[in-house]
Amino acid sequence: MNAPMIVAAVVVVVGLSASFAGVAIRGRLRGLVTMGVGTVVMLGVAGPTRPATLGMTLMAGITLAGMLVFARILARLIDGDEPDRRGIDEARR
Amino acid sequence: MSELSLAAGVLVLVVAGPLLGAVLAVADHGHASSRLVGLVTGLIASAVTVLSVTVAGSGTPLTLVLLAGPGLELTLVADGLAVAMVVMTTIVAIAVAGFATSEDRESPQARHPRFWPVWFALWSALHLLFLAGDLLTAYLMLEAIGVAGAALVSLDGRRHTLLAATRYLYAELVASMTVLAGIALIWHQTGSLRFAELGPELSAHPEGWLALGVVTAGLLLKLPLAPVHLWLPAAHAWAPSAVSPILSAVVVKSAFAVLIRLWFLASPGLVTRHGAQLLGSLGVVAIVWGSVVALRSAHLKQLIAYSTVSQLGFLMLLVPLMQAGSADAWRGGVLYAVAHALAKAALLMAAAVIAEDAERPDVEAVIGAVTRRPLAVFAIGVAALSLVGLPPSGGFVGKWYLLVASLRTGQWWWLPPILVGSLLTAGYLLKLLKRAFATDDLATSRPTASPVAGVGAAPEAAAEPADVGFDARGALALALALVTVVIGVRPAALLELIDIGAPLVTGGG
C-alpha cells in the first residue's frame with residue numbers, strides 16, 4: 001500500500017468506529033459519511049492516475065453518495081436522534 | 001442472425017427485460033397492470049429459458065463484452081453458477097409477481113406507486129450481478145440491490161418498517177464500503193478487476209490475502225452470516241408480503257454468489273485451509289443460532305427470517321469442502337442455494353396468506369389454517385420437506401452432496417452440524433405444521449390479542465372457516481414449493497448446468 005492509501009484506510013477505520021459508536025441514527029450516518037469519503041479516496045489513489053482509475057472512482061463515488069442520500073432521507077423520515085432499536089422493540093411488543 | 005449474436009441478444013435481454021418493466025411501470029404511474037406485469041415477466045422468462053438452454057447445450061460459459069471503456073468495463077459471463085442463479089431469481093420473481101398482482105386485484109389502491117418500478121429494478125440488478133464478469137460491476141449491483149431492498153422495506157412508511165429499512169441500509173452501507181476498500185486493495189495490487197484475471201496476479205502478491213479478506217468481510221455482512229446478521233430479521237419480517245420472499249430467497253444469495261466466485265473461480269490459490277475452516281465454523285454458528293432463535297420465535301415472519309439466517313450457514317459449508325478439493329461441495333452448495341430460494345419464497349408467501357387471513361402476525365395465526373387455507377398449508381409442508389432436507393426435494397439433493405463431500409474429503413466434523421441443523425429445522429417447521437392441523441377446539445380457544453395495535457381476530461371468525469374462494473396466492477406458493485420436488489426427482493439437468501465452468505469439476509470430487 002502507498003502512503004495516501006494508508007491515510008485513506010485510517011479514515012475508513014475512524015469512520016467505521018464512529019458509525020458503530022453512535023447510538024442515534026444521525027450520529028451513525030456521520031460515521032458512515034466519513035467512511036465513504038475514506039473508501040472512495042482509497043480507490044482513487046490505489047492505482048496510477050489514468051482514466052480507468054478515475055472512471056471507477058467516479059462510478060463508485062456516485063453510487064455511494066446515492067446510498068448515503070437515501071440513508072439521510074430515511075433518517076429524516078424517522079426521528080434520527082433516537083436510538084434505532086427502540087421502534088423495532090416497540091413494534092415487537 | 002448468427003447463433004452467437006442471438007445468444008448475445010438474449011443475454012442482454014435477460015438484464016434489460018426487468019429494466020424495461022421498471023420503465024413501463026414508471027410510465028404507468030407505478031400502478032403496473034397485471035397485463036403489463038405478465039407481458040414483461042413472460043419476456044424475461046423466455047429470454048432466461050433460451051439462455052439456459054443455449055449454455056446447457058453448448059456446455060461452455062457464454063461471454064459477452066458490452067462495454068470496454070476506461071473504468072467502465074461491462075462483461076457478462078453466463079457460466080453454470082450465473083445461469084443457475086438467474087433461473088432461480090426468475091422463477092421466484094415470477095411467482096412473487098403473480099402473488100403481488102393477485103394482492104393488487106383484491107386491494108387495487110393498496111400498492112405503493114413506487115413498488116413496481118423499484119421491484120423490477122431490483123430484479124434487473126440481481127441478474128446483472130449474477131452475470132457480472134468483473135468485481136466492480138458486481139459491487140455496483142450489490143449497492144443497487146441494497147438500496148432497492150431497503151426502499152421496498154420502507155414503502156409502507158410506518159415507523160417500525162422505516163427503522164428496519166434504516167438498519168438494513170446502514171448494514172449495507174458498512175458492507176459496501178468494506179467491499180470497496182478491498183476492491184481498492186485488489187486494484188492496487190493487480191491493476192484489474194476482471195474475475196478471470198484476478199487469480200495469478202493476486203496470488204503472486206504478498207498482500208493478496210489482505211485484499212481478499214477485506215472483500216470477504218464486507219460480503220459476509222451483506223450475506224449476512226452470523227454473528228453479523230442482526231439487521232436481517234427485522235428487515236425481512238417487517239417487509240411487505242410481496243417483498244419478504246425476494247429478500248429472503250434471492251437477495252441473500254447475491255453476496256453468496258460473489259463470494260464463491262471470488263474465492264474459487266477468481267483466486268483459488270489464495271484460499272487457505274485455516275480461512276476456509278473459519279468460514280465453515282461461522283456457518284455452523286449460523287445454523288445453530290438461527291435455528292434456536294427460530295424455535296423460540298413467536299412472530300411468524302421473524303421465525304422464517306431466523307430460518308434464513310440458519311440456512312445461510314449450510315451454504316457456508318461449501319467453502320471448507322471446496323478448499324479440500326471436492327467438486328461435490330460446489331454442486332451441493334449451489335443446488336442447495338437454488339432449492340432454498342424456492343422453498344423459502346414459498347414458505348413466506350404461504351405465511352403471508354395465512355397471517356393476513358387470521359389478521360395477526362404471530363405463529364398462533366397458523367392454528368387451524370388447514371381448514372381455511374389448505375393450499376397455503378400444503379405449500380408450507382412441501383417447502384418444509386426441502387428446507388429440512390428430506391427426499392424427494394432439492395434440499396435433500398443439496399445436503400446429500402454436502403454430506404458426501406464431507407466424507408470424501410475426510411472432514412467428518414461437518415456431518416453433525418448438517419444433521420443437527422436439519423433436525424432443528426424440522427423442529428421449528430413442525431411447530432407451524434402442528435398448529436396448522438390443530439383441531440377446531442384449539443382454534444376456537446386461541447388467544448385473540450394481537451401484538452400489533454389495531455389488528456386482531458374475533459373468536460367466532462377464527463373458529464369458522466371463511467369462504468375465501470380459490471386461493472390464488474396459496475396456489476402460487478404451492479407451485480413454487482413443488483418446483484423443489486421436481487428438482488429433487490430430476491436433479492441431473494440442474495447439476496449438469498451447475499458444472500459448466502465450475503472449479504474442480506474435471507479433477508476433484
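The structure we're discussing is the one just above.
Residues numbered from 1 in each chain as written. Chains lettered and ligands numbered in written order. Predicted model: local features only at pLDDT ≥ 70, side-chain atom pairs only at ≥ 80, totals over all residues. Heavy atoms only, no water.

Draft legend 1. Examining the overall build of chain A more closely. Check the secondary structure of chain A and you find four helices and zero strands. When its helices and strands are written in sequence order, chain A yields α-α-α-α. Each of the 93 residues in chain A was classed as buried or not, and the buried ones make up 44%. When the accessible surface of chain A is totalled, it reaches about 4600 Å², and 71% of it is carbon and sulfur. (Helix = DSSP H or I, 4+ residues; strand = E, 2+ residues; numbered from the N terminus. Buried < 20%, exposed > 50% of the residue type's maximum accessible area, 1.4 Å probe, protein only. Areas by Shrake-Rupley, 256 points an atom, 1.4 Å probe, with all protein chains shown as cover.)

Draft legend 2. Inspection of the packing of helix α2 (residues 34–58) of chain B against helix α3 (residues 80–106) of chain B at higher detail. Residue and element names in this part refer to chain B. It is at 10 Å that the axes of α2 and α3 come closest, and there the two elements cross at 165°. Classed by the angle they form, the pair α2 and α3 counts as roughly antiparallel. Judged by the twist between their axes, the crossing of α2 over α3 is left-handed. Every residue of α3 that contacts α2 at Ser34, Val37, Thr41, Ile44, Ala45, Val48, Leu51, Ser52 and Val55 is listed here: Val83, Val86, Val87, Thr90, Ile94, Ala97, Thr101 and Arg105. Looking at the contact of α2 with α3, its residues break down into 11 nonpolar, five polar and one charged. (Axes fitted to C-alpha atoms, helices over the stretch in contact; angles between N-to-C directions. Parallel < 35°, antiparallel > 145°, perpendicular 65-115°, else oblique. Left-handed = near helix turned anticlockwise from the far one by under 90°. Contact = heavy atoms within 4.5 Å. Nonpolar A, V, L, I, M, F, W, Y, C, P; charged D, E, K, R; others polar.)

Draft legend 3. Molecular detail of the environment of B:Leu180. By secondary structure assignment, the location of B:Leu180 is in helix α6 (residues 159–190). Judged by its relative accessible area of 0%, B:Leu180 falls in the buried class. For the pair formed by B:Leu180 and B:Val485, sequence separation is 305 residues and the distance between their alpha carbons is 39 Å. Setting aside residues no more than four positions away along its own chain, B:Leu180 makes contact with A:Thr39, A:Val40, A:Leu43, A:Ala60, A:Leu64 and B:Tyr139.

Draft legend 4. The arrangement of the interface of chain A and chain B in detail. Each partner contributes residues to the interface: chain A has 44 residues there, and chain B has 41 residues. Buried area between chain A and chain B, summed over both chains or domains, comes out near 3800 Å², and the portion from carbon and sulfur atoms is 75%. Where chain A meets chain B, there are zero salt bridges. Counting across the interface, chain A meets chain B through three residue pairs in polar contact (both at pLDDT 80 or more). Going through the elements one at a time, α1 (3–21), α2 (25–44), α3 (51–77) and α4 (86–92) of chain A are the ones with two or more residues in the side of chain A that touches chain B. For the side of chain A that touches chain B, the element with the most residues is α3(A), which contributes 16 residues. (Buried area = accessible area lost by both parts, 1.4 Å probe. Salt bridge = Lys/Arg side-chain N within 4 Å of Asp/Glu carboxyl O. Polar contact = N/O pair within 3.5 Å; in protein donor to acceptor, adjacent residues only side chain to side chain.)

Draft legend 5. Spotlight on the nonpolar core. Of all hydrophobic cores here, the largest spans 223 residues; its most connected members are B:Trp116, B:Trp119 and B:Leu173. Per-element tally for this core: the top contributor is helix α14 (residues 327–358) of chain B, with 21 residues. Each residue touching B:Leu173, except ones within four places of it in the same chain, is listed here: A:Leu32, A:Leu64, A:Met67, A:Leu68 and A:Ala71. (Core = buried A, V, L, I, M, F, W, Y, C linked by side-chain atoms within 4.5 Å.)

Draft legend 6. Molecular detail of the packing of aromatic side chains. Residue and element names in this part refer to chain B. All told, the structure shown has 12 aromatic pairs over all chains when counted by the stated rule. Seen from their ring centres, tryptophan 119 and phenylalanine 120 are 5.4 Å apart, and the 75° between their planes marks the pair as edge-to-face. Accessibility assignment for this pair places tryptophan 119 and phenylalanine 120 in one class, buried. Look at tryptophan 412 and tryptophan 413: their rings are 5.8 Å apart centre to centre, the planes differ by 80°, and that puts the pair in the edge-to-face class. A relative accessible area of 56% means that tryptophan 412 is categorised as exposed. (Phe/Tyr/Trp six-rings, centres within 6.5 Å; stacked < 30°, edge-to-face > 60°.)

Draft legend 7. Region of interest: the pattern of salt bridges. Residue and element names in this part refer to chain B. As enumerated under the stated definition, the model contains 15 salt bridges over all chains in all. Ionic pairing is found between glutamate 103 and arginine 473, a salt bridge with its closest N-O pair at 3.5 Å. With glutamate 103 in helix α3 and arginine 473 in helix α21 (residues 472–489), the pair connects residues that are 370 residues apart, well separated along the chain. Assessed through its relative accessible area of 13%, glutamate 103 is described here as buried. A salt bridge links aspartate 328 to arginine 408; its shortest N-O distance comes to 2.8 Å. You can see aspartate 328 sitting in helix α14 and its partner arginine 408 sitting in helix α17 (residues 394–408), a full 80 residues away along the chain. Classification of aspartate 328 by relative accessible area gives buried; the value is 5%. Relative accessible area serves as the criterion here: at 56%, arginine 408 is assigned to the exposed category.

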